[in-house]
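Examination of the molecular architecture
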Amino acid sequence: MSDKVAIRFQPQRAEIAVERGQSILDAALSGKLSLPHKCGGHGTCGTCKVQIESKTELPCPTKLELRHLTETRIESGYRLACQCKLTGPATVTIPEDPLRRVVRELLAAQRLEKSHESAVNVQETAEAPIDAATPQLSAGGLADTGGVRR
Ligand code: FES
């Protein structure tokens, strides 16, 4: 049995091999991934929540995890990254920061609005009547200036 465990982090799509029994937080930090951990991994802040998918049974939640996670959340695979130590391969999802999510959604809405405005402008331009004063090419290829002669 290998002493290393492969952890796939989402949404970064990073796969990091760590020593069996190493915490998920240590694994993320060794891979230079951003994972909130205000208390430095002491299990007191609850900011390092992650969601784990693993075919290997996870260790029982620690008392510190039980303070920060409801039974429902634990059943959904949520754990504290600083407290949970994996014994088998797993996929770990780091939830998006709520403020970052709001900013991302606002920017996406803004981009969508701009693309709709551009589409409307293109459509209006395409449907606009040809201005009578705009020189038109005649059959000979020269601009017909509407009757101005020398
Ligand atoms: S880093 Fe604070 S609870 Fe895990």
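A quick note: this is a predicted structure, and the numbers were derived from the prediction, not measured.

**As for the overall build of the protein chain**
Within the protein chain one finds 4 helices and 7 strands. Starting at the N terminus and walking to the C terminus, you meet the elements of the protein chain as β-β-α-β-α-α-β-β-α-β-β. The proportion of buried residues among the 150 residues of the protein chain is 17%. Taking the intrachain contacts of the protein chain between residues at least 6 apart in sequence as the baseline, contacts between residues at least 24 apart amount to 54%.

**Details of the sheet that holds strand E2 (residues 14–19)**
The strand order E2-E1-E5-E3-E4 describes an open sheet built from 5 strands, whose pairing is mixed. One side of each edge strand has no neighbouring strand; the edge strands of this open sheet are E2 and strand E4 (78–80). Averaged over all pairs of adjacent strands, the angle between strand axes in this sheet comes to 35°, irrespective of strand direction. With 4 bridges connecting them, strand E1 (residues 4–10) and strand E5 (residues 90–93) associate as parallel partners. In the sheet register, Arg 8 faces E5, and the bridge partner there is Thr 91.

**Details of the environment of Ala 14**
On the secondary structure map, Ala 14 appears in strand E2. When the C-alpha positions of Ala 14 and Val 92 are compared, they lie 9.9 Å apart, and in sequence the two are 78 residues distant. Ignoring sequence-local partners within four residues, the contact set of Ala 14 consists of Phe 9, Gly 31 and Leu 33.

**Observations concerning unusual backbone geometry**
In this chain, Gln 10 is followed by Pro 11 through a cis amide linkage whose omega measures 5°. A positive phi is found at Lys 32, a non-glycine position, where the angle reads about 60°. Tracing the backbone through its elements, the reader meets Lys 32 in the loop between helix H1 (24–30) and strand E3 (49–54).

**Some details on the confidence of the model for the protein chain**
Across the protein chain, the average pLDDT comes to 86, with 83% of residues at 70 or higher. Within the protein chain, no element has a lower average pLDDT than strand E7 (residues 143–144), which sits at 48, and none a higher one than E4, at 98.

**Points about helix H4 (residues 98–127)**
Across its 30 residues, H4 extends 43 Å between first and last C-alpha, which sits within 8% of the 44 Å expected from 1.5 Å per residue. With 0 of 30 residues buried, H4 is to be regarded as a mostly surface element.

**Describing the pairing of E2**
Sheet analysis places E1 next to E2, joined by 6 bridges and oriented antiparallel. Counterpart to Arg 8 in the pairing with E2 is Glu 15. From the end of E1 to the start of E2, which pair antiparallel, there are 3 residues, and Arg 13 there has a positive phi angle of about 60°.

**Some words on the environment of Ala 27**
Note on placement: Ala 27 falls in helix H1. Given 25 C-beta atoms within a 10 Å radius, Ala 27 is considered buried. Sequence-wise, Ala 27 and Ile 7 are 20 residues apart; in three dimensions their C-alpha atoms are separated by 8.0 Å. Sequence-distant contacts of Ala 27, that is, excluding residues within four places in its chain, are made with Ile 7, Ile 16, Val 18 and Gln 22.

**Focus on the nonpolar core**
In this structure, Ile 7, Ile 24, Leu 25, Ala 28, Cys 48, Ala 81 and Val 92 are the most contacted members of the largest nonpolar core, which totals 20 residues. Counting only elements with at least two residues in this core, the list comes to E1, E2, H1 and E5.

About the criteria used
Residues numbered from 1 in each chain as written. Predicted model: local features only at pLDDT ≥ 70, side-chain atom pairs only at ≥ 80, totals over all residues. Helix = DSSP H or I, 4+ residues; strand = E, 2+ residues; numbered from the N terminus. Buried ≥ 20, exposed ≤ 12 C-beta atoms within 10 Å, placed from the backbone. Contact = placed C-beta atoms within 7 Å. Pairing = 2+ DSSP bridges. Axes fitted to C-alpha atoms, helices over the stretch in contact; angles between N-to-C directions. pLDDT = per-residue confidence, 0-100. Expected span 1.5 Å × (residues − 1). Core = buried A, V, L, I, M, F, W, Y, C linked by C-beta atoms within 7 Å.

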